[in-house]
Structure formats: C-alpha cells, structure tokens
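# A structural walkthrough
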Amino acid sequence: CREWIRYACVQKGLNADSAGGQLFTSGSYRLGVHEPGADIDTILVAPGAVRREDFFGTATSSDDENNEGHRDPNSLAERIKRHPDVTNFVPVEGAAVPILTFDWEGINIDLLFARLNTNTVPSDFDIDNDAVLDGVDSATEKSINGPRVTNLVAAFVNGTPERYQTFLTVVRCVRKWAKARGLYSNKMGYWGGVNINIAVAQCLQLYPNACPASLLRKFFLVFKTWRWPQPVMLTKPHDAGYGLPVWSQQTALRQVAPMITPAYPAMNSTLAVSRQTLQILQEEFNRGHEIVDSLWKQYQRDSLSDLDWKSLFAGSDFFISYPNYLSVCIVGPTQLDAQAWAGFVESRLRKLVSDQLARSLPLKKIQLWPKKVEACIADQAALLTAAQRQNSLTYFVGFHVDKLRMRGDQLNAEIALQHFRDWELNRFQPLIPGMDVVVKNFKVKELPLICFEGIYEGGKQEAMKRRRQLRNVDPIRQEKRRLARLEELKAKMAEIQKKKEEQQDKKRKRAEIEEEEKLSEAVEEVEAIKKEEETNVETNLLESALDTVNDGKTREEAAADREKLLAGGIFLADE
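First, a word on scope: everything that follows refers to the structure included in this document. The structure displayed is predicted, hence computed values, not measured ones. Within any chain, residue numbers begin from 1 and follow the written order of that chain's sequence. The model is predicted, so local features are restricted to residues of pLDDT at least 70 and side-chain atom pairs to those at 80 or more, both for listing and for counting; the totals for chains, interfaces and linings are taken over all residues. For side-chain calculations, the full set of non-hydrogen atoms in the structure is used, while hydrogens and water are omitted.

## Here's the deal with the overall build of the protein
Within the protein, the regular secondary structure consists of 17 helices and eleven strands. The globule rule used for comparison is 2.2 Å times the number of residues to the exponent 0.38, while the radius of gyration itself is calculated over C-alpha atoms. Against the compact-globule benchmark of 25 Å for 575 residues, the protein has a radius of gyration of 46 Å, which places it well outside the compact range. Taken over the C-alpha atoms alone, the protein extends approximately 185 × 60 × 50 Å along its principal axes. Sorting the 575 residues of the protein into buried and exposed places 41% on the buried side. In this analysis, two residues are considered to be in contact whenever any of their non-hydrogen atoms come within 4.5 Å of each other. Partitioning the contacts of the protein with sequence separation of at least 6, the portion at a separation of at least 24 is 64%. Values of accessible area rely on a 1.4 Å probe in the Shrake-Rupley scheme; residue burial ignores everything except the protein chains shown. When the accessible surface of the protein is summed, it comes to about 33,100 Å², and 51% of that surface belongs to carbon and sulfur atoms. The charge count includes Lys and Arg as positive and Asp and Glu as negative, but it does not include His or the ends of the chains. Positions of charges follow a simple convention, taking NZ of Lys, CZ of Arg, CG of Asp or CD of Glu. Positive and negative charge centroids in the protein, built from 76 and 80 side chains respectively, lie 9 Å apart. Helix and strand labels come from DSSP, where a helix needs a run of H or I of at least four residues and a strand needs a run of E of at least two; each type is numbered from the N terminus. Relative accessibility under 20% of the residue-type maximum defines a buried residue, over 50% an exposed one, and the middle range a partly exposed one, all with a 1.4 Å probe and only protein chains included.

## Side note on a negative patch on the surface
Put simply, a patch holds well-exposed residues, over 30% relative accessible area, that have no salt bridge, with like charges counted together within 9 Å and Val, Leu, Ile, Met, Phe, Trp or Tyr side chains within 5 Å. The working definition used for a salt bridge is a side-chain nitrogen of Lys or Arg within 4 Å of a carboxyl oxygen of Asp or Glu. A cluster of acidic side chains, namely Glu512, Glu514, Glu515, Glu516, Glu517, Glu521, Glu524, Glu525 and Glu527, defines a negative patch on the protein surface. Residue position: glutamate 525 is located in helix 15 (residues 475–548). Its relative accessible area of 52% is what places glutamate 525 among the exposed residues.

## Quick notes on empty space enclosed by the protein
Cavity means a closed set of points on a 1 Å grid over the protein atoms alone, one where a 1.4 Å probe fits but cannot get out, pocket means an open set with protein on both sides within 12 Å along at least 5 of 7 lines, and lining means a residue has an atom within 4 Å of a point. Grid points are joined across faces, edges and corners, and a volume is the space filled by probe spheres set on the points. Scanning the model with the defined rule gives two cavities of 30 Å³ or more in all. The calculated volume of the largest cavity comes to roughly 40 Å³. What lines the largest cavity is Met188, Tyr190, Thr277, Arg350, Val353, Ser354, Ile366, Gln367 and Leu368. If you list the elements that add at least two residues to the lining of the largest cavity, you get helix 11 (349–360) and strand 9 (363–373). In terms of residue class, the lining of the largest cavity is built from five nonpolar, three polar and one charged. Space inside the second largest cavity adds up to approximately 30 Å³. For the second largest cavity, the full set of lining residues is Leu352, Leu417, Phe420, Arg421, Leu425, Val437 and Val439. Secondary-structure elements contributing two or more residues to the lining of the second largest cavity are helix 13 (414–423) and strand 11 (436–443). Classification used: nonpolar for Ala, Val, Leu, Ile, Met, Phe, Trp, Tyr, Cys and Pro, charged for Asp, Glu, Lys and Arg, polar for all others including Gly.

## Re helix 1 (residues 2–11)
Where helix 1 is concerned, the buried positions are Trp4, Ile5, Ala8 and Cys9. Across the axial projection of helix 1, the buried residues extend over an arc of 140°, all falling on one side. Across from the buried face of helix 1, at angles greater than 90 degrees, the exposed residues are Glu3, Val10 and Gln11. Lining the buried residues of helix 1 we find strand 2 (40–46), helix 3 (52–56), helix 4 (76–82) and strand 5 (107–115). Phi turns positive, to about 75°, at glycine 13, one or two residues after helix 1. Think of the arc as the fan of directions from the helix axis to the C-beta atoms.

## Structural notes on a positive patch on the surface
A cluster of basic residues, Lys364, Lys403, Lys443, Lys445, Lys465, Arg468, Arg471, Arg477, Lys480 and Arg481, forms a positive patch at the surface. Put simply, the parts of the chain that give the positive patch at least two residues each are helix 14 (459–473) and helix 15. Within the secondary structure layout, arginine 468 lies in helix 14.

## Details of the packing of helix 6 (residues 161–180) against helix 7 (residues 193–206)
The axes used here are C-alpha line fits, helices contributing only the stretch in contact, and every angle between their N-to-C directions lies in the interval 0 to 180 degrees. Two elements in contact, helix 6 and helix 7, have axes separated by 10 Å at closest approach and are oriented at 135°. As far as their axial angle goes, helix 7 and helix 6 are oblique. Between helix 6 and helix 7 lies a crossing of right-handed hand. Of the residues in helix 7, those in contact with Arg163, Thr166, Phe167, Val170, Val171, Val174, Arg175 and Ala178 of helix 6 are Gly193, Ile196, Asn197, Val200, Ala201, Leu204 and Gln205. Residue classes in the contact of helix 6 with helix 7 are distributed as nine nonpolar, four polar and two charged. Working rule for angles: under 35 degrees goes down as roughly parallel, over 145 as roughly antiparallel, 65 to 115 as roughly perpendicular, anything else as oblique. By convention the crossing between two helices is left-handed if the near helix lies anticlockwise of the far one by an angle smaller than a right angle, and right-handed if it lies clockwise.

## Things to note about unusual backbone geometry
With omega at 5°, the peptide bond leading from tryptophan 228 into proline 229 counts as cis. Relative to the helices and strands, proline 229 is located in the loop between helix 8 (212–224) and strand 6 (232–233). In this model, asparagine 88 sits at a positive phi of 50°, which is unusual for a non-glycine residue. Looking at the secondary structure, you find asparagine 88 in strand 3 (residues 86–92). On the basis of relative accessible area, asparagine 88 is assigned to the partly exposed category, the value being 42%. Backbone geometry places glutamate 105, a non-glycine residue, at a positive phi of 55°.

## Some words on the sheet that holds strand 11
Think of it this way: DSSP has to see at least two bridges between two strands before they count as a pair. Taken together, four strands build an open sheet; the order of strands is 9-10-8-11 and the sheet is antiparallel. Edge strands, defined here as strands with exactly one partner in the open sheet, are strand 9 and strand 11. Here the average twist between neighbouring strands, direction ignored, is 20°. Inspection of the sheet shows strand 8 (residues 324–331) paired to strand 11 by eight bridges, in the antiparallel sense. Opposite leucine 326, over in strand 11, you have asparagine 441 as the bridge partner. Its contacts with the sheet put helix 10 (residues 335–346) on strand 8, strand 9, strand 10 (392–401) and strand 11, and the angle it makes with strand 8 is roughly 140°. The strands that helix 11 touches are strand 8, strand 9 and strand 10; relative to strand 9, the one it contacts most, it runs at about 165°.

## Re the sheet that holds strand 5
Here we have five strands laid out as an open sheet, ordered 1-2-5-4-3, and mixed in their pairing. For this open sheet the edge positions go to strand 1 (22–26) and strand 3, each flanked by a neighbour on one side alone. Ignoring which end each strand starts from, the neighbouring axes of this sheet average 25° apart. Two strands pair when backbone bridges link them, and strand 1 and strand 2 are joined in this way by five bridges, in the antiparallel orientation. Paired with phenylalanine 24 across the strands is isoleucine 43, a residue of strand 2. Helix-sheet contacts for helix 1 involve strand 1, strand 2 and strand 5, and the interaxial angle to strand 2 is about 30°.

## A short note on the pairing of strand 10
Burial of strand 10 is extensive: nine of the ten residues sit out of reach of the surface. Bridge count for strand 8 against strand 10 is eight bridges, and the pairing is antiparallel. Following the sheet pairing, serine 327 is matched in strand 10 by phenylalanine 396.

## A look at helix 13
For helix 13, the full list of buried residues reads Ala416, Leu417 and Phe420. Buried residues of helix 13, seen end-on, are gathered within an arc of 100° and therefore sit on one face of the element. Residues Glu414, Ile415 and Trp423 are exposed on helix 13 and point more than 90 degrees away from its buried face. Lining the buried residues of helix 13 we find helix 11 and strand 11.

This is the structure we're talking about:
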C-alpha cells in the first residue's frame, strides 16, 4: 500500500518520501474474536494528496468520454485485482462507505480508504486522536471510525485480564448465536460485529464481576427488557469541535433502536435497524433468555449436571416459520457485473422490506433472511438469458398477512417493487442492460429443495415434519385451538339448551291444553248445574201452584197418588 501511495504522489509531482501511509484493522479481527472464514476489516489511511479516485482508478475528467467505464491499471484496486492470489474482487465505489471486497488466499478482506487532511501519515500516526478527523469528508469519517471505535470498546472492558477474557468469550458466543439465528448483518437491518461488541460491553459495565456464562445470561436479560428507543451508550457523546455532526436524542426522533459509538463523532451504529427487524431481534432475545435462564436454573439445582447449549445455537427455522415467501433473485450479464450489482442491491434490500413492503401491504410480520442462496430462483417464464441465470443469487423474504386489514383476496406487491426499482436500484452506475431483480411468490410448501439443504438432515421432508411439530406446540395456535374447541362446546351446549327449551315448550303447551280442557269441562258442568237449578225453580213454582188446588193433599201424597195411577192401582180400587 505504501508503494502505491508513493507512486500516486510521484504521479502528482509531490514529495513521496514523507507521504507515509498506514493500514489498520477493526472489528472482530482487531479484538481477536474472529472465526475461521470470517472477513477482515481493514482501513488504508493515506495523505490528502491521494484521492479516492486514485484508489479505485476511476476517470476524473468529464470531457474524456473514452475513459468512461475504464480504470487506471496502476490504481490500488486494479493492482489488487491482478494479483494471482486474489479472487471474488468486487469494488463498491458508490456506497456511503466505498469499499473493496475480495478474497486473498481464501480469506475475505474488506478494504476501506481514508483520506486525511494532512500531507503525511507517519509511522507513529495516532488514529485515536480526535484531531485526525479535522477537515475529512464523510466517507473518511465513517471509515476511520472503525478502528477508533474498536480501540475504545476494548479500553472500556480492559479493566483486568479476566474481565477482558470474559468480554471476548461472550462476544464469541453472541456472534455465533446471531449468525445461527440469521441476525448477523448490519446492512440487512440487524446487528453487526460493532453492535455486538458495544452491546456486550454495555452488559459488562452493568455487571463487571460476572463470569462468562452469567454475563451471557445477563446479555439476553438486558436486551430482552431494554426500553427502546432508549439508546445504548458506553459513554456520553462529546463534541471535539471539528465540525462533524454528533449524535443527540433531539436529532434522532425516528431512530428505532439506537446504539451509539463511543468515539468522536458519536453516531448511531444501528441506523439500519427498523421496526420490523427490531421485532425479530426482540423475539430472539426472548428465546435466548428463556434457554439460558433454564440452563442457569438447572445448574442451580445440580451444579454437576451437563448443560446442553446446543439449543441456544440451533439454526433458525426461517424457511418453515411463514406461510408466504418472496424470492428476490439478483441477476447480471457477466460474473463481474453481477458481483458489483449484487453488492449494491444487497445494501438496499432492507429498504425494500421495511420502507416499501411493510408500509404498503397489510402485514403482521415480515423478515428478510440475510443469507444468500447461490442459485437463480425465479419463474421459468421470466425473460432471463442463460448468462443471467448463471450469474445470479437469491435472497428470501418471509411474511405473515394481517387478514383483518386485508381488502380482497390477493396482495399486490408490484407497486412497492416498482418504487424500489425507481427510487433505489436506478441509482446504480453504470446500470448495464441485463442487471435486474426478479421477484417470485412462494407458499411454504412450494419452496425449492435448495432452501433446506444444509439446515435439516432430511431436507424438505424433515423440514415439513419439523414445521408440523412447531405448529402443534405454538402457543398462539394452541390458544386458537382452545378457543375453537370452546366455541364448539358452546355451540353444542346451545343446541342442547335449545332442545330442552323446545321440549319444555311442548310440555308447557300440553299442560296449557289440558288445563284449558279441564277448565272447559268445569264451565260445562257449572252451566249444566245452572240449567238444572233453573228447571228446579220452575218445577217448584208449579208444585206450589198445584198444592193450592190439590184438596189439601201434601206434595208427597200427590206424588204417591201419581205413582199409583201410573201403576194402575187407583183403577183397580174403584172396580
């Protein structure tokens, strides 16, 4: 790198002997917690005479049309690209923090460029001095703050050797957990290495004497109960007076889960975290705390028992957790074009999910899976060439539909996708024909087999079996089944009650009919008695009249005479 800086200074007619230049590392590699296969974050610090265009080798003359699309073969980017040990070389010049990413002998390296406002970068250059930021541009500020933040975090946790080792152990565990659960990607809206370092350092400040296992438990407890958007800060931000914007709560009203870097200028390192990704993080914090807390209670009961930590670091069930999925296939005409295009699209996928789909569609939950699938998963009817299908990769988005907010039976994501193309993807330069993003909708059972390879031993069949098991033990589904069973029992009880009421109505009607019949009979009997009484009254009156004309005979004597007459006794006596 110093040789290239000397060359760039000589080309400009400047003194190259004192130009200097330094290469710094940051993140997990600088702390010593990197794993095999992890990338190394490096920052090249150069004097002000060397510009970013020299670093990337891009043309700077607007009137030289022949240079368009060509790079200076003597630029650092082209020198690295030509090296025989370098593969997968991708320059990303248009990003907020321009970067060269490549594999050197199989080790992934992210190289950033920082241009100071000085004529020299001596060998004793102190990157932790705030004065190095005097007069630098935004990209340099963000690039150079990587090692500055890492150094300060290490200083905050470096009270004793034991304490520092506790910090490193817990950082390794949290990184392993985040990668397994699909939460390790700052550009996708989750947490990156710097965020994990700051979060664990915050827990160590709260519990300075905790052992690694206890601190890991406290980590999940702290962030399970953290009162977002309350910021996570290791120290209060300060303004060193070099004109750079410093984070403050007054200017961060719309930031969801701020985590503030300790170095000047203080900035929110989780600016990409959205409400949707915070929901995913919160669920995983709850899950992690439940597992670690159960292990801690098991240890409290029996300190000699073997603790099973595998469940904490188990892979995510993302591909069986949602009923609906979108595949976002990124294609390019050539391998080099596809790499540059994919890097640009990846840095903006979180905006498609959080800013477009989540805001325009009636969704309860949406999740972007940060791990890419090295395959073209697109509709066979899509108008893609063989080269595009070969130079492609795919990301997946899972989502739950909020049926209460649905209007109609179908979701229309075309408008959101078109806005994403118009407002985000069209910013890429140069946008070459053949660079495209193809989206396809899947039901969970329609997902291709490649999604389950390396995750479930039995592939898709085992994944679907696992899905059924999770659905059976899901508390929400259990509650729904309980409520459905309760409604079923209520319906049966209502039906039984209805039958009882119908039977009671029939009995009541029969009783009323019988009562009416009895009442009718009583009325008829009373009327008969009344008629009989009326007849008796007339008879009595007649009998009284006859008594007066019956020669003094009594009524009984007259009745006896009548009986005799009817029997013929009177006529026999006369004879």
